[in-house]
Structures are given as structure tokens and as C-alpha cells.
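Observations on the three-dimensional arrangement
For reference, the chains in residue letters:
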Amino acid sequence: NTAIGQNALVANTTGTLNTASGAYALRANTTGIRNTASGVHTLYNNTTGSYNTATGLQSMYYNTTGACNVATGIYALHSNTTGCHNTASGYKALFSNTTASYNTAYGHNALYSTTTASNNVAVGTSALQTNTTGDKNTAVGRSALITSTTGTLNTASGYKSLYTATTANYNT
């Protein structure tokens, strides 16, 4: 293990091959393995989660047991607790995600409100921003599917495409 910064990896017991750089990075980690945390409070609450990479202030802050996630950007995947196999890149990308898995968000506020929805792809600033529980959506472009909250199996491509589809399903 490598720890650089105040209280980085301070609770680690048997976790191995972890790297924590920044104050309180991987602070609560006990047995999680192969995590990389870079930035103040990154992976702060992680205890047993493994194979995570978090870069940026408070990225993956609430993660406890979630595994195989990648978060790059300030507050990216901030609320994730047990979700797995998510990728978030950008300021507050996948910010509200708690238990959802297999989501990909690239861009400022992409998939911001998603809590338990899985298998979504959002590329662009505010793409799928208000989605909470809608699964299997793809939004590419700034504000694509921005008002969709619970819609499922929608595909939107282009600036503000499917802008008014709040709960609609099966749209292209």
C-alpha cells in the first residue's frame, strides 16, 4: 500500500495494493484491495470495496462496498455506496448514484440524479441529468433526454434531443 496525505488509508487492516494520495483518501478502507484514490476525501468511506479508481475532490465519497468503478472529476460518483461497474467522468457525473450498476456518464452533470437505474449511457453536459430510475437509456449530446426521470429503453442523439420525454419508453 501507498498512502500520501493526512489520514490517508488510516483504517487499513488487511487491504493490499491500494494507493491513496490526498488528505483522507481511502480513510475508512479496511480490507478493500487494488483501489486508487487521488484527491481530498476520495473513496473516503470505502471499507471493503475493491478495484475502484477515484480522482478528484470527494469522488466516490460515500462508496463502501462498491467495486470496479471509475470516477474522474470533482464529486463524480459522489453518493455511490454499493454500485458496481460504473464509469463517471466530469463534474458531478453520476453524482446521486447509490446502488446502480453498469452506467457510463461523461460530462458535467451527466446522469446526475440517477440513484438505482442501471445500464445507462450519457455523453454530454446534462445528458440524462434528471433520470432517477430509468434503465437502459442512451443519451448523446448536450441536454439529451435531460427531463427523462423514469423512462426506459430510450435513445437520444443530438442537442436537447427527446427534451420533453419525462417518463416515455422505447423512443429513438
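Figured I'd write up the structure that's included with this text.

Analysis parameters
Numbering of residues starts from 1 in every chain and runs along the sequence as written. Selection of residues for local features in this predicted model requires a pLDDT of at least 70, selection of side-chain atom pairs for listing and counting requires 80 or more, and totals for whole chains, interfaces and linings are taken over all residues. Hydrogens and water are ignored here; the side-chain numbers use all heavy atoms of the structure. Only DSSP runs of H or I covering at least 4 residues are called helices, and only runs of E covering at least 2 are called strands; the numbering of each starts at the N terminus. Exposure categories follow from relative accessible area, calculated using a 1.4 Å probe and restricted to protein chains: below 20% of the type maximum is buried, above 50% is exposed, and the middle band is partly exposed. Under this definition, polar contacts are N or O atom pairs within 3.5 Å; protein pairs additionally need one hydrogen-donor-capable and one acceptor-capable atom, and for neighbouring residues in sequence, both atoms have to be side-chain atoms. When checking whether two residues touch, look at their non-hydrogen atoms; a contact exists if any pair is within 4.5 Å. At least two DSSP bridges between two strands are needed for those strands to be called paired. A fitted line through C-alpha atoms represents every axis, and for helices the fit uses only the stretch in contact; the resulting angles, taken between N-to-C directions, go from 0 to 180 degrees. Two aromatic rings, drawn from Phe, Tyr or Trp (for Trp, its six-membered ring), form a pair once their centres lie within 6.5 Å of each other, and the interplanar angle then sorts them: stacked below 30 degrees, edge-to-face above 60, tilted otherwise. Whether a charge sits over a ring comes down to the Lys NZ or Arg CZ being within 6 Å of the ring centre and within 35 degrees of the ring normal.

1. Concerning the side chain of Asn80
With respect to the helices and strands, the residue Asn80 is situated in the loop between β5 (70–72) and β6 (87–89). Note on Asn80: relative accessible area 0%, which makes it buried. Engagement of the side chain of Asn80 in a polar contact is seen with the side chain of Asn63, the distance being 2.6 Å. When neighbours within four sequence positions are excluded, Asn80 is seen to be in contact with Met60, Tyr62, Asn63, Thr64, Gly66, Asn69, Asn86, Asn97, Thr98 and Ala100.

2. Brief notes about the sheet that holds strand β7 (residues 104–106)
An order of β1-β2-β3-β4-β5-β6-β7-β8-β9-β10 is seen for the 10 strands of this open sheet, with the pairing classed as parallel. Each having just a single partner strand, β1 (2–4) and β10 (155–157) make up the two edges of the open sheet. The sheet shows a mean angle of 5° between the axes of neighbouring strands, taken without regard to direction.

3. Description of the environment of Thr19
Note on placement: Thr19 falls in strand β2 (residues 19–21). When neighbours within four sequence positions are excluded, Thr19 is seen to be in contact with Thr2, Leu26, Asn35, Thr36 and Ala37.

4. Here we look at the packing of aromatic side chains
Given two aromatic rings, one states the distance between the centres and the angle between the planes to describe the pair. In this structure the tally under the stated criterion is 6 aromatic pairs. When the centroid spacing of 4.8 Å and the interplanar angle of 5° are considered together, the rings of Tyr44 and Tyr61 count as stacked. Of this pair, Tyr44 sits in the loop between β3 (36–38) and β4 (53–55) while Tyr61 sits in the loop between β4 and β5, and the two are 17 residues apart along the sequence. The pair formed by Tyr44 and Tyr61 is uniform in burial state, with each residue classed as buried. Above the ring of Phe95, the side-chain terminus of Lys92 is found at 5.6 Å from the ring centroid. Geometry around Tyr163 places Lys160 over its ring, the cationic atom sitting 5.3 Å from the centre.

5. Thoughts on unusual backbone geometry
Most peptide bonds are trans, and most residues other than glycine sit at a negative phi. Positive phi is not limited to glycine here, since His41 has a value of about 60°. Within the fold, His41 resides in the loop between β3 and β4. One non-glycine residue, Lys92, lies in the positive phi region at around 60°. Along the polypeptide, Lys92 turns up in the loop between β6 and β7. Using a relative accessible area of 21% as the deciding quantity, one classes Lys92 as partly exposed.

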